[in-house]
Amino acid sequence: MLQCKKSFLTNSVTVYKQKSRFIKNVLPSLQGKNYSSDNERYLHKSRVPTMHFQPSLPRLPIPRLEDTCQRYLNAQLPLLDATHFEDTKRLVANFQSEAGKDLNQRLVAQDKANKHTSYITGSWFDMYLRDRQPIVLNYNPFISYIDDPKTAYNDQTIRAANFLISAIRFRETLNAGLLEPEVYHLNSKKSDTDTFRKVVRMLPSSLSWYGAYLYNAYPLDMSQYPSLFNSTRVPEIGKDRLVRFEKAKHVLVMRGGHFYVFDVLDKDGNLLEPLDIYSCLKYIQQDPIAPSQHPIGYLTAENRDTWANARQLLMENNSGQMEAIDSALFNLVLDDVGTDNDPVKISKLFLHGNGANRWFDKSFSLIVARDGKAAVNFEHSWGDGVAVMRFLNESFKDSTGKPRVHPEEVAGMVPRRDFDPSYHVKRLEFKLSDRLKAAVSDARQRFDQTTGALTVDLFIYNGFSKHFCKEQQVSPDAMMQLGFQVAYQLQNGGTCSTYESCSTSAFKHGRTETIRPCTSQTTAFSRAITASSGKHTQSELRAMITDCSKVHGQLTKEAAMGQGFDRHLFALKYLAQQQSLPIPALYQDPAYAAINHNILSTSTLGSPAVELGGFAPVAHDGYGIGYSIQDNRLGAVVTTYPPHRNGSDFVSCLESAFRRIEDVLRKKN
């Protein structure tokens, strides 16, 4: 009897364990959450429709011509000697009173006839799409995510699955008009409230912006957001085009230079079960096929006309495959290499990689390395950093805060009998002629040569932080830009054209404006702090830093309000070209060419979800500087093309520059 009871208990425990494993591992995939429900389909459900403010957004202003001319001269002053500055000054005066005046009147008239957009939109798109340079290194930047704080979730397939699910949830929320509108709150306690949302929602869209303005809140343009998904840049001779495919429901996955597709949405638009998505990605990851012998992804890194000709050949026998790539929701890249948690390796992998496992034309690629490091690399013509940063922040928050795929689930996961990933996943097969194979080989050689010439250096400076800058009552961004100027002075003994990107998304169809951080004030301080004579007192140096901060703050405010000079002058020149008018002498001045040959090209990234971000120099003899200033430190990814520039030496100069600035700020008078 005791033996029977023991046997019964043993069998009961065994059955219980089997049931527990079934409940834990199998039921989630069979009975899981209802992924057609709103809670699983959407990130959130905004009370205010996503595009509610769009019709009433203010239009990007065309600055007064005299203001543009004066700002241009102010920017040229620290870059030119006295003789050349007087020459430029005469050209500007002539431009303002004659050719520029006529062009500006034409631009204003054209703008009035196109109130649905901004004066810069058409020319800016045209600039991007007509440029024949490869988009790799010249345009596409990267932004990398920090690790998932839960270590087990950094497994490559788990993280890729959770990112994919969060990305689709973002898209569905956006398409349903439920994504919270992007609003800049000057007083969040007053405006980032339920009351604010109730009030502005009741207002018609034609008046909603004005209601937000009364709360000291400023809605931002969201016209770029739809281009995040189902879109691509298509190369064509002379000028590329942007194409969107709204009905496609599949995602593109790359691994080993191969292309895979599978639907992540069913015919009713419902998201595939999370474990089924994981199964599809695991199936791709475990595909035993050798890396592609002729990876056509290299072609997207070519000169755009070269790529356009090759694409025409591809379309002859691979039109269906190309449409599957072009129309995909986005490109998810699974890399077979890791990063060793090395910032330089991370930067090079996500900025360009080896080229074989990339398709640079997609609106964005979400890349996940073997060790779970992840980043977004995006094509730049369709939009700027505002939309991409929103996507990055939301996808990180959702994938880490509410992951749908868990390590304990997949560890002992039993495949569903009614779901076969081999049936759902399709590997795209390409028919390549000898001519195309040769084109891929040539593209690979040029890619390796170009990317091999780029160096990446990392700059980190502890202690100098946002908090410290606020204590000292100076702008953190102004201090970063001042540090770049001092470092350049230390390394090269002079000044140079410097570019800082500033969003104009406060306006309908705004893109960017340029802040010119090299000013008379930064030049005076850079010379003073690097001089061996030491003739300036601490009090004088401190006052100079304050002046630099104030001037930079004013330039930033002007740029954000559409009151810079770069876009205005660009639009006037473009108009003259389009209307076959004589190009004014101002644009033929060597000083104009020099100020647009940006030696220091800089852009800031501010988000707790971001680990690194960067891009290549826009000039071969320049620096690409993606920087951030955080609560406890500041840092930058610095890219250069030796022997034109020495990045590691510049980083050493940055360390010296910020140490000197910090010493001035910390010392008491």
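In what follows, the accompanying structure is described. Keep in mind it's a predicted model, so treat the numbers as computed, not measured. By convention here, each chain's residues receive numbers from 1 onward along its written sequence. Predicted model: local features are reported for residues with pLDDT of at least 70 only, side-chain atom pairs are reported and counted for 80 or more only, and whole-chain, interface and lining totals are derived from all residues. Hydrogens and water molecules were not included; the side-chain quantities draw on all heavy atoms of the structure.

### Observations regarding the pattern of salt bridges
Salt bridge, as used here: a side-chain nitrogen of Lys or Arg that lies within 4 Å of a carboxyl oxygen of Asp or Glu. A full pass over the atoms with the stated rule returns 41 salt bridges. Close ionic contact of E182 with R390 constitutes a salt bridge, the shortest N to O distance being 2.7 Å. Remark: R390 occurs in helix 14 (residues 385–401) and E182 occurs in the loop between helix 7 (156–175) and strand 2 (183–185); sequence separation between them is 208 residues. Both residues of the pair, E182 and R390, belong to the buried class. Several salt bridges share partner residues, and in doing so they unite R132, R233, D240, R304, D305, D361 and E379 into one network. Helix and strand assignments follow DSSP, with helices taken as H or I runs no shorter than four residues and strands as E runs no shorter than two, numbered in order from the N terminus. For every residue, the accessible area obtained with a 1.4 Å probe (protein chains only) is divided by the maximum for its type, and the residue is called buried under 20%, exposed over 50%, and partly exposed between those limits.

### Quick notes on the environment of L203
Position of L203 relative to the elements: it lies in the loop between helix 9 (194–202) and helix 10 (205–214). Exposure remark for L203: the relative accessible area of 27% places this residue in the partly exposed category. Sequence separation between L203 and N596 is 393 residues, and the spatial gap between their C-alpha atoms is 44 Å. Contacts: residue pairs with any heavy atoms within 4.5 Å of one another. Each residue touching L203, except ones within four places of it in the same chain, is listed here: H52, S208 and G211.

### Examining the pairing of strand 15 (residues 600–604)
The pairing of strand 13 (residues 498–503) with strand 15 spans three bridges and is classified as parallel. Directly across from Y499, in strand 15, lies its bridge partner S601. Pairing between two strands is assigned when DSSP locates at least 2 bridges connecting them. The pairing of strand 15 with strand 17 (residues 623–629) spans five bridges and is parallel. Note that in strand 17 the partner of S601 across the bridge is G624.

### So, the sheet that holds strand 17
With mixed pairing, the six strands of this open sheet are ordered in space as 12-18-17-15-13-14. With one partner strand each, in any of the chains shown, strand 12 (455–462) and strand 14 (512–515) form the two edges of the open sheet. When the angles between neighbouring strand axes are averaged without regard to direction, this sheet yields 25°. When strand 17 meets strand 18 (residues 633–640), the two strands line up antiparallel, connected through six bridges. From the neighbouring strand, I625 faces strand 18, where its bridge partner is V638. Between the N-to-C directions of two axes lies an angle of 0 to 180 degrees, each axis being a line fitted to C-alpha atoms and, for a helix, fitted only over the stretch in contact. Packed onto the sheet, helix 21 (residues 538–560) meets strand 13 and strand 14 and runs at close to 160° relative to strand 14.

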